[in-house]
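Remarks on the overall topology
The lines below spell out each chain.
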2 protein chains.
Amino acid sequence: MSWQLTAADLPDLARGATLLGTGGGGDPYIGSKLVEQVLGSGSITVLDPGDRDDLPDDAFVIPTAQMGAPTVMIEKLPAGTEPTLALRTLEKHLGRRADATMPIECGGVNSMIPFVVAAETGLPVVDADGMGRAFPELSMETFAVYGVPGSPLALAGERGEQVVIDTGADNRQLEWLARAVTIRLGGVGHIAEYSMSGADVRRTAVPRTISMALSLGRAIRLAREAKRSPFEALAQALAPTLYSHVVDLFDGKIVDVERRTTEGFARGRVRIAPVAPGSELVVDFQNENLTAHRDGELLAIVPDLICVLDHESAEPITTEGLRYGQRVRVLGISTPDLMRTPEALATFGPVAFGLTETFAPVEQRTAGSLTAAG
Amino acid sequence: MSWQLTAADLPDLARGATLLGTGGGGDPYIGSKLVEQVLGSGSITVLDPGDRDDLPDDAFVIPTAQMGAPTVMIEKLPAGTEPTLALRTLEKHLGRRADATMPIECGGVNSMIPFVVAAETGLPVVDADGMGRAFPELSMETFAVYGVPGSPLALAGERGEQVVIDTGADNRQLEWLARAVTIRLGGVGHIAEYSMSGADVRRTAVPRTISMALSLGRAIRLAREAKRSPFEALAQALAPTLYSHVVDLFDGKIVDVERRTTEGFARGRVRIAPVAPGSELVVDFQNENLTAHRDGELLAIVPDLICVLDHESAEPITTEGLRYGQRVRVLGISTPDLMRTPEALATFGPVAFGLTETFAPVEQRTAGSLTAAG
C-alpha cells in the first residue's frame, strides 16, 4: 500500500540512506534540503512495488539520479530543476510520460533525487532501487543484471544542457560516455535512465529500500531519544527486511586513514585498533567500503554492507568523515538474494572491483551476530 | 542548377578539399575511398544553394561531418555507416526527415562525409558549407555566426552508439560536450548538427564551396597533364569565385618544422628559407595554418587561407606532410565577405585563436598577387 512522505521524514531518511551508502554515495543531507525546499508542507506519495494497485504491470517508471563526484555538490549546489529536466528530456525522447519515478541507488544522495523530482512534478516515487545500497558506477544495477538496459539515458546540466545517450545493451559504454559529459558539466550531472514497466520493477528492483532507509534512520533516532542502544534498535529494524543479518565486525578506535583520489574514485584504507590489545580491523574502500579484514582473514566483502558507525550514537560515518582517534563500531549487513546471484556478483561483486577474493555471505563468514546484545 | 557527382570526380574533389584545408582538416583521401565504395557506378545530386528550384526556402537540410582527431581515422577506418546513423538519429529526435545533407566544413575530410551519407541514403548534397575552409572547432561556423545554432547535435559511434546533445544557443558548450563524447568513442565520432531550412542555407552558408574545391583540384590536375603551370591554373579557377584574390606569399625550402600536440590540437611552426639569400617565411599553425610572417611582418592571417603547396606540382601539403628540405610555394587566398565581418572574425578570426594581431585582408597586406605570372 502506498504511503506519504513529508518533510519531517527527511532527516531519518537521510540517516538511513547514509548507512546504506556503506561509506560512500555522497551526503544525502544536501539532497534532503533540496527536497524540503521544494516540498514545503506538502507530501509525496510512495508506491509499494509489491502492490499491483499502486504500481500496475503496465505503469511506466523513469528512475532519476545524480551522476558525478558527490563532493562537487557540496561546493556547487544544484538548482534543483536538473533532475526533472532529465526526466522530461527522456519522456520527450521516448514519446511517453512517466507514471512514477524511482531511485536507482538507495544509498547516499541518490536516495533523495527522485523526491526532488516528485516534489516538483507531483509524480509518486516507487519504494525500490537498483543497487540496494550505493555503488561507484551507474552500471552496477540489479536492473541491468536482470535485463533492463540503462539506455536511453537523459542527462541534464545546470545551464539547461540536455543530452540523450543510447548505447543499446552496453551499459558499461553508457556509463563511460555519460561520465565524460558529467565531467565536462563541472563534475555533476543529473540523469534519468533505466525506464521500465511496473512488471519490470517487480522483476529487477530491490524492493522497499526507501521505507527501509527511513525505518533504520528513525530507529536509531528513537533509541537515542529513549536512551536505548541504537545498535540494538538497528538490528531490530533490519530483522523483518531482506537485509536481516547484522554481524558485529569490530569495536575500536581509528588509528590510520589513507586516502587517494584516482580515476575519479576515492580509494583508501582505514585501520581500526581494538580497545583491549589485539589485532586491527582493516577496511578498504573505493567510494564505498569493499572489504573488512582482521589478521588477514576476510570478514565481509562487497556487495554485503560494511558500515562504520559512531560507537555511541550509531551515526553512520562516510569515508570522508573518517578521522584519527574516532571510536567506531563496524557492522556487516547481509544483502538480499537477488544481489548475490552469480550474474549480480559478476556486475557488482568482488570481481567487478578487481578483487581476487570470493564472495561469501557475511552471516556465514563470522560468528557473532548482533541481536539483543547491542 | 543541380549537377551530378560521380566517383571519377573524387580525386579532384579531394585535392581541392586538401587545399581548402589550409594545412589541416584531415585527409580527404580516406573519405573519398569510403564514398567510392558506397557509390560504385552511381551518382550523387549536388544542389545549387542559389537556385530555389533546387533548394526551396522550406527545404530541410541536416549537415553531417566527422568530429575528432583526423589522424585517428587513418588507423581506425570508420564503418561508413556512422554519419548516416547520426543523421537518422537527429531526424528521429526532431521528428522530421531531411531533404538534403550538406558539409559543415568544406576543407579536409569533412568535404567527403556528406557524400558518404548521400551515397547511402540517396539524399542530395547542398553545394555550400559553414566554414568556407577548415577550422579546428565545430563551433567556428558561419551558420553559428548568422544565427543557426548547432543544437541539437546527434553523434554516432562505430558500435551504434547514439548521442543527442542540446545546449540551446551555446555552441561552445555544445562543442565542449560533444568533444568529450568523441574522445571516449576512441577519438572519432560522426555528427549531424546545424539543421536548417533552405532559406537559412542561403542566409548563413558559404555558397558553392564543394564545386569550387572540385574545380580547383581539377584545374591543378589538368594543368599538370598539359604541362602548364598548375599555379596559374589555380589562380584562373579561383578568379570567378568568392575567393578571387591569390597572393604569392613565398617560394622556398622548408628548413625547420616544429610540432607539438596540446589540448587535442596539432600546434606548431614551419620555417621556410628563400632559395636566394634573404629572410625566411614563418607559418604558425593550430591544426590549420594561422599566420604567415616575414621579418616580423604579418603577410596573412586567419580566416584567410594560407596554403603550402609543392613547388612543382602544386599539390597541397598538410601540416603533417611538411618535411625538412621540401621545396614549397606558399599562397595566401582571400575569403568571402561573410567570413570577414566583425561577428565572423569574433568567432573564427585571430582573437578566437588567442592571437593579438588584427585581421587585414591578405590582398591588402601584400603586393604581389598571383595571376598569369604562375
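Residues numbered from 1 in each chain as written. Chains lettered and ligands numbered in written order. Predicted model: local features only at pLDDT ≥ 70, side-chain atom pairs only at ≥ 80, totals over all residues. Heavy atoms only, no water.

Looking now at the overall build of chain A. Tallying secondary structure elements over chain A gives 12 helices and 18 strands in all. Its C-alpha radius of gyration of 19 Å places chain A within 12% of the 21 Å reference for a compact globule of 374 residues. For chain A, the C-alpha atoms occupy an extent of roughly 65 × 40 × 40 Å along the three principal directions. Relative to its 374 residues, chain A shows a buried fraction of 61%. (Helix = DSSP H or I, 4+ residues; strand = E, 2+ residues; numbered from the N terminus. Rg over C-alpha atoms; globule rule 2.2 N^0.38 Å. Buried < 20%, exposed > 50% of the residue type's maximum accessible area, 1.4 Å probe, protein only.)

A word on the domain arrangement of chain A. Interfaces are frequently sized by the accessible area removed from exposure as the parts join. Residue and element names in this part refer to chain A. Here chain A is described as being made up of domain 1 (3–207) and domain 2 (230–365). Here the C-alpha centre of domain 2 lies 25 Å away from the C-alpha centre of domain 1. Between domain 1 and domain 2, the residue contacts involve 27 residues of the former and 32 residues of the latter. The contact between domain 1 and domain 2 buries some 2300 Å² in all, and 70% of this surface belongs to carbon and sulfur atoms. Our enumeration of links across domain 1 and domain 2 arrives at one salt bridge. Inspection of the region where domain 1 meets domain 2 yields nine residue pairs in polar contact (both at pLDDT 80 or more). (Domains from an automatic or database assignment. Contact = heavy atoms within 4.5 Å. Buried area = accessible area lost by both parts, 1.4 Å probe. Salt bridge = Lys/Arg side-chain N within 4 Å of Asp/Glu carboxyl O. Polar contact = N/O pair within 3.5 Å; in protein donor to acceptor, adjacent residues only side chain to side chain.)

Residues and elements named next belong to chain A. Within this structure, the stated rule accounts for 48 salt bridges over all chains. A salt bridge links Asp-12 to Arg-15; the shortest N-O distance between them is 3.1 Å. In this pair, Asp-12 and Arg-15 both sit in helix H1 (residues 10–20), three residues apart, roughly one turn of the helix. Arg-15 gets classed as buried once you look at its relative accessible area, which sits at 12%.

Quick look at the nonpolar core now. Formed by 172 residues in total, the largest nonpolar core has its most connected members in Ile-44, Phe-115 and Val-126 of chain A together with Phe-115 and Val-126 of chain B. Beyond its immediate sequence surroundings of up to four residues, Phe-115 of chain A is in contact with Leu-5, Leu-13, Val-35, Ile-44, Val-46, Val-125 and Ile-210 of chain A. (Core = buried A, V, L, I, M, F, W, Y, C linked by side-chain atoms within 4.5 Å.)

What follows is about the pairing of strand E12 (residues 246–262) of chain B. All names here are of chain B. As defined by bridge partners, E12 adjoins strand E18 (residues 327–333) across seven bridges and the pair is classed as antiparallel. Within the sheet, the bridge partner assigned to Phe-250 lies in E18 and is Val-330. Of the strand pairs in this sheet, E12 and strand E13 (residues 265–274) are connected by 10 bridges, and their pairing is antiparallel. Counted as the bridge partner of Thr-261 is Ala-266 from E13. Linking E12 to E13, which pair antiparallel, is a turn of two residues; within it Glu-263 sits at a positive phi near 55°. (Pairing = 2+ DSSP bridges.)

A word on the sheet that holds E18 of chain B. All names here are of chain B. Taken in spatial order, the seven strands of this open sheet run E16-E15-E14-E13-E12-E18-E17, and their pairing is antiparallel. Each of the sheet's edge strands pairs with one partner strand only, and the pair in question is strand E16 (297–301) and strand E17 (305–310). When strand polarity is set aside, the average angle formed by the axes of neighbouring strands in this sheet is 35°. The strands touched by helix H10 (residues 230–238) within the sheet are E12, E17 and E18, with E18 carrying the most contacts at an inclination of about 15°. (Axes fitted to C-alpha atoms, helices over the stretch in contact; angles between N-to-C directions.)

Here the focus is the interface of chain A and chain B. With 19 residues of chain A in contact, the opposing surface of chain B contributes 19 residues. Across the chain A-chain B interface, the total number found is two salt bridges. A salt bridge links Asp-170 of chain A to Arg-159 of chain B; the shortest N-O distance between them is 3.4 Å. At the surface where chain A touches chain B, the tally comes to 11 residue pairs in polar contact (both at pLDDT 80 or more). Listed by contribution, the elements that provide at least two residues to the side of chain A that touches chain B are strand E8 (162–166) and helix H7 (171–184) of chain A. Broken down by element, the residue count for the side of chain A that touches chain B peaks at eight residues, all from H7 of chain A. In terms of residue class, the side of chain A that touches chain B is made up of nine nonpolar, four polar and six charged. With five bridges joining them, E8 of chain A and strand E8 (residues 162–166) of chain B adopt antiparallel strand pairing. The partner of Val-163 of chain A across the bridge, within E8 of chain B, is Ile-165 of chain B. (Nonpolar A, V, L, I, M, F, W, Y, C, P; charged D, E, K, R; others polar.)

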